[in-house]
Amino acid sequence: MTEIYSIAKNSPISALCWDTEVYGPVHAKTKEEVITKIQNNIKGGGGTQIGKAVYRVEKLMKPRDIVIVFTDGYIGDIKTGSVNNIMSKIASKASATIFCTTGQEHEIEKWETIKIEIGENRY
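One structure accompanies this document, and this report is about it. (Residues numbered from 1 in each chain as written. Predicted model: local features only at pLDDT ≥ 70, side-chain atom pairs only at ≥ 80, totals over all residues. Heavy atoms only, no water.)

Attention shifts here to the overall build of the chain. Across its full length, the chain carries four helices and five strands. Here the C-alpha atoms of the chain give a radius of gyration of 14 Å, agreeing with the 14 Å that 2.2 N^0.38 yields for 123 residues. Seen through its principal axes, the chain has C-alpha atoms that stretch 40 × 40 × 25 Å. For the chain, with 123 residues in total, the buried portion stands at 35%. In the chain, once contacts between residues fewer than 6 apart in sequence are set aside, the share between residues at least 24 apart is 59%. Surface exposure of the chain reaches about 8,000 Å², of which carbon and sulfur atoms provide 50%. Separation between the mean location of the 16 positive side-chain charges and that of the 15 negative ones in the chain comes to 8 Å. (Helix = DSSP H or I, 4+ residues; strand = E, 2+ residues; numbered from the N terminus. Rg over C-alpha atoms; globule rule 2.2 N^0.38 Å. Buried < 20%, exposed > 50% of the residue type's maximum accessible area, 1.4 Å probe, protein only. Contact = heavy atoms within 4.5 Å. Areas by Shrake-Rupley, 256 points an atom, 1.4 Å probe, with all protein chains shown as cover. Lys, Arg positive; Asp, Glu negative; His and termini not counted. Charge placed at Lys NZ, Arg CZ, Asp CG, Glu CD.)

Time to look at the environment of Asp72. Along the polypeptide, Asp72 turns up in the loop between strand S3 (66-71) and helix H4 (81-93). Along the primary structure Asp72 and Ile42 are separated by 30 residues, whereas in three dimensions their C-alpha atoms are 14 Å apart. Ignoring any residue separated from it by four or fewer positions in sequence, one finds Asp72 in contact with Thr101, Thr102, Gly103 and Gln104.

So, in structure tokens, the structure goes:
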């Protein structure tokens, strides 16, 4: 979240929260808006499918946007052809695509993957 706060100081951000459905987009321009607007839109509750979220991102994003996915990585439809095609389209259109996971890792063509360690082993 610290990096999102830093980005929000210099550029407006948009976030789509998702589990099996997509919530948003939520727009934030300050640290306070990131905290209240994004945090209030996170619903969760089990079952994660990324297809609807990446489809929505691809439709809403502008060329050269930075797209970052934050997840635990346990995503039911991440290996499907339709999701892979949309994620490839996003990567072709974006200036950077980053997949941040606290759990299961995935190799996604044209996406950087970052594993975030939580707990005693964090750096």
